[in-house]
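# A structural walkthrough
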Amino acid sequence: MKYDLVLLHAPSVYDFRKNSLLAGPISDVVPSSPVFEMYPIGLTSIADYLERFGLRVKIINIANRMLMSEKFDVEKKLKNIKTRAFGIDLHWLPHAHGSIELAKIVKKLHPDTPMIFGGLSATYYHKELIEYPFIDFVMRGDSTEKLMLLLMKKLELGNTHYADIPNLTWKKGSEIGYNPITYVPKDLDDIDVPGYRYTVRSVFKYRNFLDPLPYNG
């Protein structure tokens, strides 16, 4: 199956299955493990919005798949995925290691497929992130559903430029651009935040129960 966008959620520390994690006090405030396998709700609103316009978007909770089974092979899972672009959330700062390491793996397997980062921490550190050779775009801001649709349309056209997409940090060859944050919506009335309703729908649509599970247990 060919997708337009595959959204991946990384563990806080990528190699947590090999090296034990010391759980700090911050892990007590979220209903998940110190791996922080619960993905931000914004992934579901982005996926829902893009699918309203006919795009095929899949969420894969890599962190949870790794947590559920020590035998889960991340590279084997990602190797045969066919998609126009990958997206990884770097919303919470504890994911700084896991998200970057996962992006590195994805780019090794799919060198010609664009890699998009987004989220609160990604917005703050966008200049540092775009310097990595395996990151092509950083979508900045709190509500990026409409902006992601603009970017996906550009990617569909192929060889094009990205200077007219608000909030976007982009890279094209050796050129890097930091488009200003001019899109700051006053309300979210036209954006549905489906929560995990989208997760339930995607189970039936893409016939996979384990990939979009929001958190372990």
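Our structure is the block above this text.
It should be emphasised that the depicted structure is a prediction, and the values quoted were computed from it without experimental measurement.

About the criteria used
- Residues numbered from 1 in each chain as written.
- Predicted model: local features only at pLDDT ≥ 70, side-chain atom pairs only at ≥ 80, totals over all residues.
- Heavy atoms only, no water.
- Helix = DSSP H or I, 4+ residues; strand = E, 2+ residues; numbered from the N terminus.
- Contact = heavy atoms within 4.5 Å.
- Areas by Shrake-Rupley, 256 points an atom, 1.4 Å probe, with all protein chains shown as cover.
- Polar contact = N/O pair within 3.5 Å; in protein donor to acceptor, adjacent residues only side chain to side chain.
- Core = buried A, V, L, I, M, F, W, Y, C linked by side-chain atoms within 4.5 Å.
- Buried < 20%, exposed > 50% of the residue type's maximum accessible area, 1.4 Å probe, protein only.
- Pairing = 2+ DSSP bridges.
- Axes fitted to C-alpha atoms, helices over the stretch in contact; angles between N-to-C directions.
- Patch = residues over 30% accessible without salt bridge, like charges linked within 9 Å, V, L, I, M, F, W, Y side chains within 5 Å.
- Salt bridge = Lys/Arg side-chain N within 4 Å of Asp/Glu carboxyl O.

## What about the overall build of the protein?
A count of helical and extended segments in the protein gives eight helices and seven strands. Counting only contacts in the protein whose residues sit at least 6 apart along the sequence, the fraction spanning at least 24 positions is 70%. For the protein, the exposed area adds up to about 11000 Å²; of that, 55% sits on carbon and sulfur atoms.

## Here's the deal with the environment of His 9
Relative to the helices and strands, His 9 resides in strand S1 (residues 2-9). Taking the C-alpha atoms as reference points, His 9 and Ile 59, 50 residues apart in sequence, are found 7.9 Å from one another. Side-chain polar atoms of His 9 contact the side chain of Asp 89, separated by 3.0 Å. Within the local environment of His 9, its side chain forms a polar contact with the side chain of His 95, the two groups lying 3.5 Å apart.

## Focus: the side chain of Thr 169
By the element assignment, Thr 169 lies in strand S6 (residues 168-172). In this structure the side chain of Thr 169 is engaged in a polar contact, spanning 3.1 Å, whose partner is the side chain of Arg 140. Among residues more than four places away in sequence, those in contact with Thr 169 are His 126, Ile 130, Asp 136, Phe 137, Val 138, Arg 140, Gly 177 and Tyr 178.

## Remarks on the nonpolar core
Within the largest apolar cluster, 30 residues are counted, with the highest numbers of intra-cluster contacts made by Leu 8, Ile 62, Leu 102 and Phe 117. Elements supplying a minimum of two residues to this core: S1, helix H2 (62-68), helix H3 (74-79), strand S3 (82-89), helix H4 (96-109) and strand S4 (115-118). In terms of residues, this core owes the most to one element, H4, which gives five residues. Sequence-distant contacts of Leu 8, that is, excluding residues within four places in its chain, are made with Ile 60, Ile 62, Leu 78, Phe 86, Gly 87, Ile 88, Asp 89, Leu 102 and Val 106. Core analysis: the next-biggest nonpolar cluster, separate from the first, contains 26 residues, Leu 5, Leu 43, Val 57 and Ile 116 among them.

## What about the sheet that holds strand S2 (residues 57-61)?
As summarised here, the arrangement of the seven strands in space is S2-S1-S3-S4-S5-S6-S7, forming an open sheet in which the pairing is mixed. Edge positions in the sheet fall to S2 and strand S7 (175-178), since each of these pairs with one other strand and no more. Ignoring which end each strand starts from, the neighbouring axes of this sheet average 20° apart. Each of S1, S2 and S3 is contacted by helix H1 (residues 42-52), which is oriented at about 160° to S2, the strand it contacts most.

## Looking at unusual backbone geometry
Positive phi, close to 70°, is recorded for Asn 167, a residue that is not glycine. Take Asn 167: it is sitting in the loop between helix H7 (145-157) and S6. Given a relative accessible area of 0%, Asn 167 falls into the buried group.

## Describing the pairing of S1
Each regular strand shows side chains that alternate between the opposite faces of the sheet. Along S1, seven of the eight residues are buried, which leaves the element largely enclosed by surrounding structure. In this structure, S1 lies alongside S3, joined through six bridges in parallel fashion. Bridge assignment links Leu 5 to a residue of S3, and that residue is Ala 85. Of the pairings in the sheet, the one linking S1 to S2 comprises five bridges and is parallel in character. In the sheet register, Val 6 faces S2, and the bridge partner there is Lys 58.

## Details of a nonpolar patch on the surface
On the surface, Leu 93, Tyr 124 and Tyr 125 cluster together to form a nonpolar patch covering roughly 350 Å² of accessible area. For Leu 93, the position within the fold is in the loop between S3 and H4.

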